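Here's the letter readout for the chains.
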Amino acid sequence: MSKPEFTITCVATDRTRLFATGEVDVPGCKIGMNFSEPEAIFREALNNQSFELTELSMSSHIITTARGDAHYIAVPVFLSRAFRHSAIFIRSGAGISSLADLKGAKIGVPEYQQTAAMWVRGMMADEGVAASDVTWHVGGLNAPSAGERIAIKLPEDIVVKPIDADDTLDEMLLTGRLDAIISPRVPASLLRGDPRIARLYPDLRAAEVDYYHKTGFFPIMHALALRKDIAEAHPWLPEALFNAFSKAKRMRQDEMALGNVLRISLPWAAHDYADTMAITGGDPWPYGFEPNRAELEAMTRYMHADGTASRKVAPEELFHPSTLRLVD
């Protein structure tokens, strides 16, 4: 009997390219890779269910799970994680030096439901600034955009306004119509060195390490997910995927520690790897449900508080049952 064939649509990273090169396979099936960028992947997956196996925004997955129309079920393989202190940009001279100063602010976001924005709203909430304390403006960062990837319904006390179709968040911040932007991508004006825009945290690494020490979180952004019909037809597949992606992650982590020939184009990669291991006390990028339970609980709590999730989702609901006790 021939093996079933599946295609994984995801971002090309050190953790996913091993499947394209054939260095890692998934026992019991043949895997093809389709590499793209998150914005395009999520819109197509969520609106058209075009992909059998896909990288998926955790915030959008929580939204659809909460309202009962999720077409995908996740595996606790977290393909993207990122500290989001680097995602907060402010207007210079606006008197903003902390998250608490964002109370009453006008803040731009590419999408209100974006996972990066959810994490920052969670950080703000922990500092006493609720989502309802801000006026949110949704639109393209450096160019006009289509807005939210899927429709969301928010409580009346949370004000979210689309910006004009020909406007951008970057231009609105430059001209004082916004006080801040939350975006995983950098505003073009900051890349050009425009002094009217700055980061909230000038020393990003110090802020992020401090956050990690306080919370233990390396914020989860995206997970690997299967379309539910695929998971139902192949109930062995979620566990097989988890094991294969865990192997790929360990291979890349081991590679970063090598010093004889640098495997990535960063001169201090091995030193940074050692520093990261010392800070995190082991694996900085854990897969598995139980090692990430507290972080997933925080995510679902933040999303219920900011209005994106219609109910408080139990983290277990997000993942295929066969993967809940797996650890890498």
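Owing to the predicted nature of the structure, the values given are computational and were not obtained by experimental measurement.

(A) Spotlight on the pattern of salt bridges. Counting across every chain of the model gives 20 salt bridges. One salt bridge in this structure joins Asp 194 and Arg 196, with 2.9 Å as the shortest N-O distance. Among the residues examined, Arg 196 registers a relative accessible area of 43% and is labelled partly exposed. For Arg 227, the salt bridge is made with Asp 229, and the minimal N-O distance between the two is 2.7 Å. What emerges from the salt-bridge pattern is a single network uniting Glu 37, Glu 39 and Arg 185.

(B) Just the environment of Val 186, in detail. As for its placement among the helices and strands, Val 186 is situated in the loop between strand S9 (180-182) and helix H6 (188-191). The class of Val 186 is partly exposed, set by a relative accessible area of 24%. Separated by 16 residues in sequence, Val 186 and Asp 170 have C-alpha atoms that sit 9.3 Å apart. Not counting residues up to four positions away in its chain, the partners in contact with Val 186 are Phe 89, Leu 141, Asn 142, Leu 191 and Arg 199.

(C) Up close: the state of the cysteines. If you walk through the whole model with that rule in mind, you get 0 disulfides. Of the cysteine sulfurs around Cys 10, a residue in no disulfide, the closest is that of Cys 29, at 14 Å.

(D) Inspection of helix H3 (residues 58-67) at higher detail. Counted residue by residue, H3 has 9 buried out of 10 residues, so it is predominantly covered. Among the residues of H3, Met 58, Ser 59, Ser 60, His 61, Ile 62, Ile 63, Thr 64, Thr 65 and Ala 66 are the ones counted as buried. Contact partners of the buried residues in H3: helix H2 (38-48), strand S3 (53-57), strand S4 (72-81), helix H4 (115-126), strand S11 (220-227) and helix H11 (293-305).

(E) How the structure looks around unusual backbone geometry. Backbone geometry places Gln 49, a non-glycine residue, at a positive phi of 50°. Within the secondary structure, Gln 49 sits in the loop between H2 and S3.

(F) Looking closely at the sheet that holds S4. Pairing within the open sheet is mixed, and its 5 strands lie in the order S2-S1-S3-S11-S4. For this open sheet the edge positions go to strand S2 (30-35) and S4, each flanked by a neighbour on one side alone. Going across the sheet, the axis of each strand differs from the next one's by a mean of 30°, ignoring polarity. In this sheet, S11 lies alongside S3 in antiparallel orientation, the contact comprising 5 bridges. Directly across from Glu 55, in S11, lies its bridge partner Leu 224. Lying on the sheet, H2 is in contact with strand S1 (5-10), S3, S4 and S11; it crosses S3 at an angle near 105°. H4 rests against S3 and S11 of the sheet, and its axis sits at about 135° to S11.

(G) Representation of the pairing of S4 within the structure. Burial analysis of S4 places 10 of its 10 residues in the buried class, which makes it a mostly covered element. Sheet topology note: the S4/S11 ladder contains 6 bridges and is antiparallel. By the bridge assignment, Ala 74 is partnered in S11 with Ala 225.

(H) Structural context of the packing of H3 against H11. Two elements in contact, H3 and H11, have axes whose closest approach is 11 Å; the angle formed by their N-to-C orientations is 65°. In terms of orientation, H3 and H11 fall into the roughly perpendicular class. In the packing of H3 onto H11, the handedness of the crossing is right-handed. Where H3 abuts H11, its residues Met 58, Ser 59, Ile 62 and Ile 63 lie against Leu 296, Met 299, Thr 300 and Met 303. Taken together, the residues that form the contact of H3 with H11 break down as 6 nonpolar, 2 polar and no charged.

(I) Quick look at the sheet that holds strand S6 (residues 106-109). Taken in spatial order, the 6 strands line up as S8-S7-S6-S9-S5-S10 in an open sheet, and their pairing is mixed. Where the open sheet ends on each side, the last strands, each with one partner, are strand S8 (159-162) and strand S10 (197-199). Ignoring strand direction, the axes of neighbouring strands in this sheet form an average angle of 30°. Looking at chain direction, strand S7 (residues 135-138) and S8 are connected through 4 bridges and run parallel. Following the sheet pairing, His 137 is matched in S8 by Lys 161. Where H4 meets the sheet, its contacts fall on strand S5 (88-91), S6, S7 and S9, and the angle it forms with S9 comes to roughly 125°.

Thresholds applied
Residues numbered from 1 in each chain as written. Predicted model: local features only at pLDDT ≥ 70, side-chain atom pairs only at ≥ 80, totals over all residues. Heavy atoms only, no water. Salt bridge = Lys/Arg side-chain N within 4 Å of Asp/Glu carboxyl O. Buried < 20%, exposed > 50% of the residue type's maximum accessible area, 1.4 Å probe, protein only. Helix = DSSP H or I, 4+ residues; strand = E, 2+ residues; numbered from the N terminus. Contact = heavy atoms within 4.5 Å. Disulfide = S-S within 2.5 Å. Pairing = 2+ DSSP bridges. Axes fitted to C-alpha atoms, helices over the stretch in contact; angles between N-to-C directions. Parallel < 35°, antiparallel > 145°, perpendicular 65-115°, else oblique. Left-handed = near helix turned anticlockwise from the far one by under 90°. Nonpolar A, V, L, I, M, F, W, Y, C, P; charged D, E, K, R; others polar.

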